[in-house]
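What follows is the residue order along each chain.
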Amino acid sequence: MAGAAGPGAGPGAAGGDGDDSLYPIAVLIDELRNEDVQPPLESLATVEETVVRDKAVESLRQISQEHTPVALEAHFVPLVKRLASGDWFTSRTSACGLFSVCYPRASNAVKAEIRQHFRSLCSDDTPMVRRAAASKLGEFAKVLELDSVKTEIVPLFTNLASDEQDSVRLLAVEACVSIAQLLSQDDLEALVMPTLRQAAEDKSWRVRYMVADKFSEVKCIGISGIENLKGICPADFLLDTTINLSILGLELVSDTNQHVKSALASVIMGLSTILGKENTIEHLLPLFLAQLKDECPEVRLNIISNLDCVNEVIGIRQLSQSLLPAIVELAEDAKWRVRLAIIEYMPLLAGQLGVEFFDEKLNSLCMAWLVDHVYAIREAATNNLMKLVQKFGTEWAQNTIVPRVLVMANDPNYLHRMTTLFCINALSEACGKEITTKQMLPIVLKMAGDQVANVRFNVAKSLQKIGPILDTNALQGEVKPVLQKLGQDEDMDVKYFAQEAISVVAQRLRKLDFPVKDSEEPSIPGVDKNLFLRPRVPGENTGKGPHVNTRDTLAQLETAELMHFPQSRE
């Protein structure tokens, strides 16, 4: 390809040995001996390797700043023209990156020539050249006179945004942000918005993605100086601009590609601070609601994670009347995966709204998830409580969460009683020693006498879990006697987990220098320590005779939505 760059193509040029492959190297060495460094850089700017070409252009851009205006027109501008009119596309793509650095200091006649060369490259037959020109369109527009921007750059933008190659169209959309900052509000509305709306409906999702990604940056289209425009522009002008943005957003919200919708969701909330309360309520809230109900989890997450922007503008009361009903609706959705997604966002949402509002509007919802008929929801709700305690603190947990969790220990449904134990496991570390010892431990010890074996062996597992948090007196005086009793249970599984817990408690006491007899760490012959259990129906097995239990699998969790676990009555 060296020959394609220009000088190394001649046959027999390598010398007497006829090795043409060495000729380009010989030329480069000869050029490097020259005091003028531009010729070798010009050659390097035409090679096939993109990395080398880009580095050569970067060096040329730096060198251009060292030229006087006279030297620039005498030496640098001719170099740019040669690259722009080169036979190979590689030289023409390199030229696209050099126009903006030589244009500002050139004479008017030379400026006209430079603009003409750039126009030619924007309509080049080779897509790679048009792509390079589109990528530099915004940069070039910034150094042009305003009249040239309107008469030459905007038509180029329109043509490139309609190019047959989507890679060219998406770069043109990216350049729209730079162009928009240079034009007046009227010119933006007349010259840019039609093309931008067309791009929002482009057949390529990559182009639509770029529109969505640049959505907030294109806020300059009618709203960048909205505070200053009040009193200067008519009210209907601002309204029309806002409506145009809403139409554009609505097209992207209903896009078929999740990347486009996700990109829009990540930026659209920020527009509320610019549009103000009334326009946000009227034009943006419908878009927020639509995206909050989107099937793509990333779209919903991007909306929920930026609720604080909207809260600052419209206030918590308006927010509760508009968006929160949609959140509650999703939280109670018939599809358990939808409910699961909302649970995962709840700690983030709680941080956005604050503890008072959360307790008023969403606390009861979080507690209701604990008794959901799908195990995966109950498990996620338990982890959610732990994250909420970490966010709002132990005092809030002691007054708000812990009492409601402990009440479930008396629930007729044994699954709900087990959820109490799961919550204690999760909350104990976050709540600390005092709350665990005084409020949670007595409930766990009481549940050791539950009629259902599943509850009893989960008591043993809970005592093993919270053991490291408890002090020596609680372990020795309260926990150990209960575990020893469970170790004599008629159910084999209860015995196994009780002995496991006794072993852990004994190790804990040793670390605390408390004497422990070896007889207090018995093992159960014939019990497989790799045995893991699923929640069993009461009476399914009481330990009389051999049995095999398996833990909840993902398939069982999904089936649980259709087939509820049987309920046990104490």
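Residues numbered from 1 in each chain as written. Predicted model: local features only at pLDDT ≥ 70, side-chain atom pairs only at ≥ 80, totals over all residues. Heavy atoms only, no water.

### Brief notes about the UniProt feature "repeat: HEAT" (unreviewed entry) in the protein chain
Quick note on the threshold: UniProt positions are given in the numbering used here, feature names are shortened, and annotations may be inferred rather than shown by experiment. Runs of E in the DSSP output that reach at least two residues are strands. Runs of H or I that reach at least four are helices, and both are numbered from the N terminus.
Cross-referencing UniProt, the feature "repeat: HEAT" (unreviewed entry) maps to residues 114-152, 153-191, 284-322, 323-361, 401-439, 440-478 and 479-514 in the present numbering. Secondary structure over residues 401-439 splits into 82% helix and 0% strand, and the C-alpha atoms at its two ends are 12 Å apart.

### Concerning the nonpolar core
As a reminder, the rule being used: Take the buried residues of types Ala, Val, Leu, Ile, Met, Phe, Trp, Tyr and Cys, join any two whose side-chain atoms come within 4.5 Å, and each joined set is a nonpolar core. Burial classification: accessible surface area is computed with a 1.4 Å probe over protein chains only, and a residue below 20% of its type maximum counts as buried, one above 50% as exposed, and the rest as partly exposed. In this analysis, two residues are considered to be in contact whenever any of their non-hydrogen atoms come within 4.5 Å of each other.
The biggest cluster of nonpolar side chains holds 104 residues, and the ones touching the most others in it are Trp-369 and Leu-463. Once residues within four sequence positions are removed from consideration, Leu-463 is found in contact with Leu-441, Val-444, Leu-445, Val-479, Val-482 and Leu-483. Val-77, Leu-79, Cys-96 and Cys-102 belong to the second largest nonpolar core, which has 60 residues in total.

### Structural notes on the confidence of the model for the protein chain
Note the following rule: pLDDT expresses, on a scale from 0 to 100, how confident the predictor is about each individual residue.
The predicted model of the protein chain has a mean per-residue pLDDT of 77, with 77% of residues at 70 or higher. Low pLDDT, under 50, characterises residues 1-16; the predicted model gives this stretch 20 contacts beyond four residues in sequence or across chains.

### Digging into the packing of aromatic side chains
To keep it simple, the criterion reads: Centre distance within 6.5 Å is the pairing criterion for rings of Phe, Tyr and Trp, where only the six-membered ring of Trp is used; planes under 30 degrees apart are then read as stacked, over 60 as edge-to-face, and the remainder as tilted.
Applying the stated criterion to the full structure yields nine aromatic pairs. Taken together, a centroid distance of 5.6 Å and an interplanar angle of 85° make the contact between Tyr-103 and Phe-140 edge-to-face. Residue Tyr-103 is found in the loop between helix 7 (99-102) and helix 8 (108-122), and its partner Phe-140 is found in helix 10 (residues 137-143); the two are separated by 37 residues along the sequence. The same class applies to Tyr-103 and to Phe-140, which are both buried. Relative to Phe-497, the ring of Phe-457 lies with its centre 5.2 Å away and its plane at 25°, an arrangement referred to as stacked. In this pair, Phe-457 sits in helix 29 (residues 453-466) while Phe-497 sits in helix 31 (residues 492-511), placing the two residues 40 residues apart along the sequence. Here Phe-457 and Phe-497 have matching classes, each one buried. Taken together, the aromatic side chains of Phe-99, Tyr-103, Phe-118 and Phe-140 make up a single cluster linked through ring pairs.

### Re the pattern of salt bridges
Short version of the rule: What counts as a salt bridge is simple: a side-chain nitrogen of Lys or Arg found within 4 Å of a carboxyl oxygen of Asp or Glu.
This structure, assessed with the given rule, holds 19 salt bridges. Through salt bridges that share partners, Arg-61, Lys-136 and Glu-139 make up one connected network.

### Re the packing of helix 26 (residues 394-407) against helix 27 (residues 414-431)
Definition in use: Note on geometry: axes are C-alpha line fits, over the in-contact stretch for helices, and angles between N-to-C directions span 0 to 180 degrees. Under this scheme an angle from 65 to 115 degrees is roughly perpendicular, one under 35 degrees roughly parallel, and one over 145 degrees roughly antiparallel; angles in between are oblique. Note: crossing handedness is left-handed where the near helix turns anticlockwise from the far helix by less than a right angle, and right-handed where it turns clockwise. Each residue gets one label: Ala, Val, Leu, Ile, Met, Phe, Trp, Tyr, Cys and Pro are nonpolar, Asp, Glu, Lys and Arg are charged, and the others, such as Gly, are polar.
Relative to each other, helix 26 and helix 27 sit at 165°, their axes nearing to 11 Å. By the criterion of interaxial angle, the relationship of helix 26 to helix 27 is roughly antiparallel. Our pair here, helix 26 against helix 27, has a crossing hand that is left-handed. Between helix 26 and helix 27, the contacting residues are Thr-394, Ala-397, Ile-401, Val-402, Val-405 and Leu-406 on the first element and Thr-420, Cys-423, Ile-424, Leu-427, Ala-430 and Cys-431 on the second. Residues that form the contact of helix 26 with helix 27 fall into these classes: 10 nonpolar, two polar and no charged.

### Remarks on the environment of Phe-357
Among the secondary structure elements, Phe-357 is positioned in helix 23 (residues 355-361). Judged by relative accessible area, which is 9%, Phe-357 ranks as buried. The spatial distance from the C-alpha of Phe-357 to the C-alpha of Ser-320 is 9.1 Å, given a sequence separation of 37 residues.

### Concerning the side chain of Asn-384
Following the sequence through the fold, Asn-384 ends up in helix 25 (residues 375-392). Filtering out sequence-adjacent residues up to four positions away, Asn-384 remains in contact with Ile-343, Met-346, Pro-347, Cys-366 and Trp-369.

### Quick word on a nonpolar patch on the surface
Keep this limit in mind: Like charges within 9 Å and nonpolar side chains (Val, Leu, Ile, Met, Phe, Trp, Tyr) within 5 Å are joined into patches, using only residues over 30% in relative accessible area that form no salt bridge. Per-residue and other accessible areas were derived by the Shrake-Rupley procedure at a 1.4 Å probe size, with only the shown protein chains allowed to occlude residues.
Nonpolar side chains collect at one region of the surface, where Leu-22, Ile-25 and Ile-29 lie side by side and expose about 260 Å² of accessible area between them. Take Leu-22: its relative accessible area is 44%, and that puts it in the partly exposed class.

### Quick word on the side chain of His-67
What counts here: Any pair of N or O atoms that falls within 3.5 Å is considered a polar contact. Within protein, one atom must be able to donate a hydrogen and the other to accept it, and sequence-neighbouring residues count only if both atoms are side-chain atoms.
Structurally, His-67 can be placed in the loop between helix 4 (50-64) and helix 5 (69-84). Only 3.1 Å separates the side chain of His-67 from the backbone oxygen of Ile-63, close enough to count as a polar contact.

### Re the state of the cysteines
Quick reminder of the rule: Pairs of cysteine sulfur atoms within 2.5 Å are identified as disulfides in what follows.
Within the structure shown, the criterion is met by zero disulfides. Lacking any disulfide linkage, Cys-96 is separated from the closest cysteine sulfur, that of Cys-122, by 7.1 Å. A relative accessible area of 2% means that Cys-96 is categorised as buried.

### A look at helix 11 (residues 146-160)
Applicable threshold: Here the expected span of a helix is defined as 1.5 Å times the quantity of residues minus one. A residue's bend is given by the angle between axes fitted to the 7 residues ending at it and the 7 residues starting at it.
If you check helix 11, its first and last C-alpha atoms are 20 Å apart, about what 15 residues at 1.5 Å a residue would give, namely 21 Å. The principal kink in helix 11, of about 35°, is found at Ile-153, preceding the proline Pro-155 by one to four residues. Of the residues making up helix 11, those classed as buried are Ser-148, Val-149, Glu-152, Ile-153, Val-154, Leu-156, Phe-157 and Leu-160. On its buried face, helix 11 sits against helix 8, helix 9 (127-135), helix 10, helix 12 (166-180) and helix 13 (185-200).

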